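Residue-level listing of the chains:
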Amino acid sequence: SKEKGKDRYTFFRTDMKTDSEAEAKVELELHDAVKNDQFILVFQPQVNLRSQSITGVEALVRWEHPERGLLSPAEFLPIVEKTSLAPVLGRIVIDTALAAARHWLDSRLDFGRVSINISPSHLASGLLAEHFKEAMVKYNIGPERITAEVLESVFLSDNRSGHLEALEELYDLGVHIELDDFGTGYASLTHVADLPINGLKIDKSFTNQMLQDPKKEAVVNQLIHLARSLNIGIVCEGVETEAQYDRLRMMGDFSIQGYLIARPMTFDRMTDWMTESAD
Ligand code: C2E
Ligand code: CA
Ligand code: CA
Ligand code: CA
């Protein structure tokens, strides 16, 4: 809605008359950002909650804006999604993430898989599998080292069949596919069995409220059982406290991600973190 849009872009709107004016300005800046390499990735580890060993690293994009400093995705991705830049940024993210993976492999650091967030526009562009193949060849990274995180909500959109086709192309490449923010869409449980996926990411809104709200805990339990019965993986995101960790441990054997384990960090710090946990 208009109101929601206003809130989201307040940051950019100080001297702007309308949302579209503000967006047009950001769009221009985004083109510069691509040209001038202003996008960076930070990384957050995922670990098995029993062995504590690393099972994956999620790549999260940031924009190093020349005047406004480091911007988080919520501040620019909604605009990117509306422009032709989504596949451009998506390609940069894939390239940078696989470059990181190549570095870690060369350093003999085990990171499990590198997880890449896929934007709905990139998924719909028809370019996604091509962009993966290109970077996989460039850095000599096999599909068993890669996870694509796709929002559950793309299967509720108008372009469901287009999204499915693009996803199947990726799945056929052998790249792992996880449904992100799982549990926040509707009818998730009934459709998930038919999708080409390897895992579910339980949304942090469930993890956050699990200990206060028995209904949220019941959902987490259901999702863990669903994954087990479909023989697919689980990553539970947003684990912030020992109490949440302890409760999850009672529910099964899967991966967790969150501030309790580590905050997202720069490539160098992620490399140090892996080096230290390998010791
Ligand atoms: P997401 O994929 O659900 O990523 C998890 C978000 O939760 C990240 O925010 C992460 O920093 C944050 N987080 C991690 N651990 C915790 C925790 O314990 N507690 C809480 N409260 N938050 C935690 P971030 O980096 O701001 O990213 C926000 C969203 O932007 C992501 O949500 C994802 O949907 C999107 N995004 C991030 N990077 C990319 C990207 O490269 N491409 C695309 N298309 N989307 C991206
Ligand atoms: Ca994600
Ligand atoms: Ca998520
Ligand atoms: Ca999210």
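The protein is annotated in an unreviewed UniProt entry as PAS domain S-box-containing protein/diguanylate cyclase (GGDEF)-like protein from Roseibium marinum.

Participant: Outline the overall build of the protein, supporting the account with residue identities and numerical values.
Facilitator: Helices and strands together make up the secondary structure of the protein, namely twelve helices and nine strands. Its C-alpha atoms give the protein a radius of gyration of 19 Å, near enough to 19 Å, the size a compact globule of 279 residues would have. Projected onto its principal axes, the C-alpha positions of the protein cover 55 × 45 × 35 Å. Burial status across the protein gives 47% buried among its 279 residues. Counting contacts in the protein only where the partners sit at least 6 residues apart, residues at least 24 apart contribute 65% of the total. About 13600 Å² of surface is accessible on the protein, with carbon and sulfur atoms providing 49% of the total. Between the mean site of the 29 positive side-chain charges and the mean site of the 44 negative ones, the protein shows a separation of 3 Å.

Participant: Would you mind going over the site of ligand 1 in detail, with residue names and values included?
Facilitator: Gln44, Arg62, Asp180, Glu240 and Tyr259 are the nearest of the 21 residues found near ligand 1. Gln44 is positioned such that a nitrogen or oxygen atom in its side chain is 3.0 Å from a nitrogen atom of ligand 1. One of the backbone nitrogen or oxygen atoms of Ser119 is found 3.5 Å away from a nitrogen atom of ligand 1. Protein contact buries 82% of the 790 Å² of open area that ligand 1 shows by itself. If you list the elements that add at least two residues to the shell around ligand 1, you get β2 (54-65), β4 (113-118) and β6 (176-182). At four residues, β2 tops the list of elements feeding residues into the shell around ligand 1. In the shell around ligand 1, the residues fall into nine nonpolar, five polar and seven charged.

The rules behind the values
- Residues numbered from 1 in each chain as written.
- Chains lettered and ligands numbered in written order.
- Predicted model: local features only at pLDDT ≥ 70, side-chain atom pairs only at ≥ 80, totals over all residues.
- Heavy atoms only, no water.
- Helix = DSSP H or I, 4+ residues; strand = E, 2+ residues; numbered from the N terminus.
- Rg over C-alpha atoms; globule rule 2.2 N^0.38 Å.
- Buried < 20%, exposed > 50% of the residue type's maximum accessible area, 1.4 Å probe, protein only.
- Contact = heavy atoms within 4.5 Å.
- Areas by Shrake-Rupley, 256 points an atom, 1.4 Å probe, with all protein chains shown as cover.
- Lys, Arg positive; Asp, Glu negative; His and termini not counted.
- Charge placed at Lys NZ, Arg CZ, Asp CG, Glu CD.
- Near = heavy atom within 4 Å.
- Polar contact = N/O pair within 3.5 Å; in protein donor to acceptor, adjacent residues only side chain to side chain.
- Nonpolar A, V, L, I, M, F, W, Y, C, P; charged D, E, K, R; others polar.

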